[in-house]
Amino acid sequence: MITRQRLAAGICALLATLSAGVAFPAGAVADETDSTASPKVELVLDVSGSMSAKDIDGGSRMAAAKQAFNEVLDATPEEVQLGIRTLGANYHGNDRKTGCKDTAQLYPVGTLNRTEAKTAVATLQPTGWTPIGPALLKAADDLNGGDGTRRIVLISDGEDTCQPLDPCEVAREIAAKGIGLTIDTLGLVPDAKTRDQLSCIADATGGTYTSVQHKEELSDRVGQLVDRAADPVVTPVATEGTGQCSSAPALKSGLYTDREEFGKQRFYRVDVNPGQELRASVSVGADREVNPDYGVLLRAVTVHGREIVRGEGTGNGRTDVISTGLRYPKAESDDDNAPAETVCLQVTNSFSAPSGVKTTPGLPLELTVDVVDAPSNSSDVASFGLGRGWWLLGALVLTGFVAGLLWGWLSRWRLAVWRTN
């Protein structure tokens, strides 16, 4: 009995291993950023009057930020071009219009001189308003140009006080430009409104939000984000799908970003040669409040509209991103000069917005396209990706069946002999 259980467990383990290969197919290949391009980071610091509050380890928020900056400047990798921008640092008055323009570059983005940067930070004193939106727009301009990684690290202790220029909308506009700029946010106050706003800013650009209440946490987190900028990353290429396949952009293997309106569809074209396999996946992010129960559909269709294969994903309001994918192997041809097949990728979403929520720009969309050599036999994909592994699986199942019969017969024989004796 124990032998049969072990054999069955072994077969199950094999099935699980093979299934894992199906569940997690090889990822699409995309170009990485040029390793010679210098990554750029700009630290954007809130220097508004509220930063004088003394609630971080017995000291002021401003003192904690200065300490964090000094430690981060000492540890910044040599290849990172770093700059510092402030908001609310210079205007002491009560005029809202003037206060909402109060953002300045304290240290230009470039090769870091640690002494000069530290000296500039040491002069900061909590002063004025909190124009987060204008500061983000200026910071994006500061980082403009070049092919390297670009990252904004925003540190603030409160909501933007310069509405109606919504900083969340500003972040969406930055993301919609497709320039590959990420905004990470750190909140110094565990306030729900501040958290929601800073989270929205980060989510809109694929960044992160962190709530910080201690000096060590602030230093560690800012340091991690600066170090991350030096890591090679895949930079998505901005593209713009169309409402019909005939005018859709032609894509090659890579990672692409786009914007898709609520309840609309986008088309893209990919050429697949005989003997190749198209692997595509799409993710649509809910970067603002949406109604529950939504989905995304990715279809591969011919230029005449006939569906080849599809992938679907659904959500119920508990996730911010919904994804799906598909695979299409094109059979080999006896004709060496057989033309490539144009496959139309159609992306459709069923998101809807509650009353009062802006629907423009569209939802952020990320599309991965990979065209690789197809499996040696088209039946490999139809066989759940196992290919010739079915022969091994069949042999193991047959061996287990025969072993079970033999073990049962032997057990009955031994029992009969025992009773006779």
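Residues take numbers from 1 onward in each chain, read along the sequence in its written order. Local features in this predicted model are restricted to residues of pLDDT 70 or higher, and side-chain atom pairs are both shown and tallied only at a pLDDT of 80 or more, whereas totals for entire chains, interfaces and linings draw on every residue. Where side-chain values are given, they derive from all heavy atoms of the structure, hydrogens and water being excluded.

Can you tell me about the sheet that holds strand β1 (residues 40-46), naming the residues and giving the values?
Pairing between strands is defined by DSSP: at least two bridges between them are needed. Per the convention used, a helix needs a DSSP run of H or I reaching at least four residues, while a strand needs a run of E reaching at least two, with both numbered from the N terminus. Taken in spatial order, the 6 strands line up as β3-β2-β1-β4-β5-β6 in an open sheet, and their pairing is mixed. Edge positions in the sheet fall to β3 (103-110) and β6 (209-211), since each has one partner strand and no second. If you compare each strand with its neighbour and ignore which way they point, the axes differ by 15° on average. Of the strand pairs in this sheet, strand β4 (residues 150-156) and strand β5 (residues 181-187) are connected by 7 bridges, and their pairing is parallel. Within β5, the residue paired with Leu154 across the bridge is Thr185. Angles here are taken between N-to-C directions and fall from 0 to 180 degrees, while the axes themselves are lines fitted to C-alpha atoms, restricted in helices to the stretch in contact.

Could you give an account of the nonpolar core, naming the residues involved and the relevant values?
By nonpolar core we mean a set of buried residues, namely Ala, Val, Leu, Ile, Met, Phe, Trp, Tyr and Cys, connected to one another through side-chain atoms within 4.5 Å. Exposure categories follow from relative accessible area, calculated using a 1.4 Å probe and restricted to protein chains: below 20% of the type maximum is buried, above 50% is exposed, and the middle band is partly exposed. Grouped together as the largest cluster of nonpolar side chains are 32 residues, with contacts concentrated most on Leu43, Leu45, Ile155, Leu186, Leu218, Val222 and Val226. Elements represented by at least two residues in this core include exactly β1, α2 (61-75), β2 (81-87), α4 (114-122), β4 and α8 (215-229). The biggest single contributor to this core is α2, with 7 residues. Throughout, a contact is declared for two residues whenever any of their heavy atoms are within 4.5 Å. Setting aside residues no more than four positions away along its own chain, Leu218 makes contact with Ala64, Ala65, Ala68, Ile155, Leu186, Leu188 and Val212. If you look at the next biggest cluster of nonpolar residues, it comprises 28 residues, including Ala280, Val284, Leu345 and Val369.

Describe the pairing of β4, naming the residues involved and giving the relevant values.
Counting buried positions over the 7 residues of β4 gives 7, a clear majority of the element. Here β4 shows no split at all, with Arg150, Ile152, Leu154 and Ser156 on one side and Arg151, Val153 and Ile155 on the other all buried. Sheet topology note: the β1/β4 ladder contains 6 bridges and is parallel. Considered in β4, the bridge of Leu43 is made with Val153.

Mind laying out the packing of aromatic side chains, listing which residues take part and the relevant values?
In this analysis, rings of Phe, Tyr and Trp, with Trp reduced to its six-membered ring, are considered paired at centre separations within 6.5 Å, and the interplanar angle assigns stacked below 30 degrees, edge-to-face beyond 60, and tilted for intermediate values. Considering all chains together, one arrives at 1 aromatic pair under this definition. With 4.4 Å between their ring centres and 20° between their planes, Tyr294 and Phe351 make a pair best called stacked. Taken as a pair, Tyr294 in strand β11 (residues 294-301) and Phe351 in the loop between β14 (341-349) and β15 (363-373) lie far apart in primary sequence, 57 residues in all. We classify Phe351 as buried; its relative accessible area is 4%.

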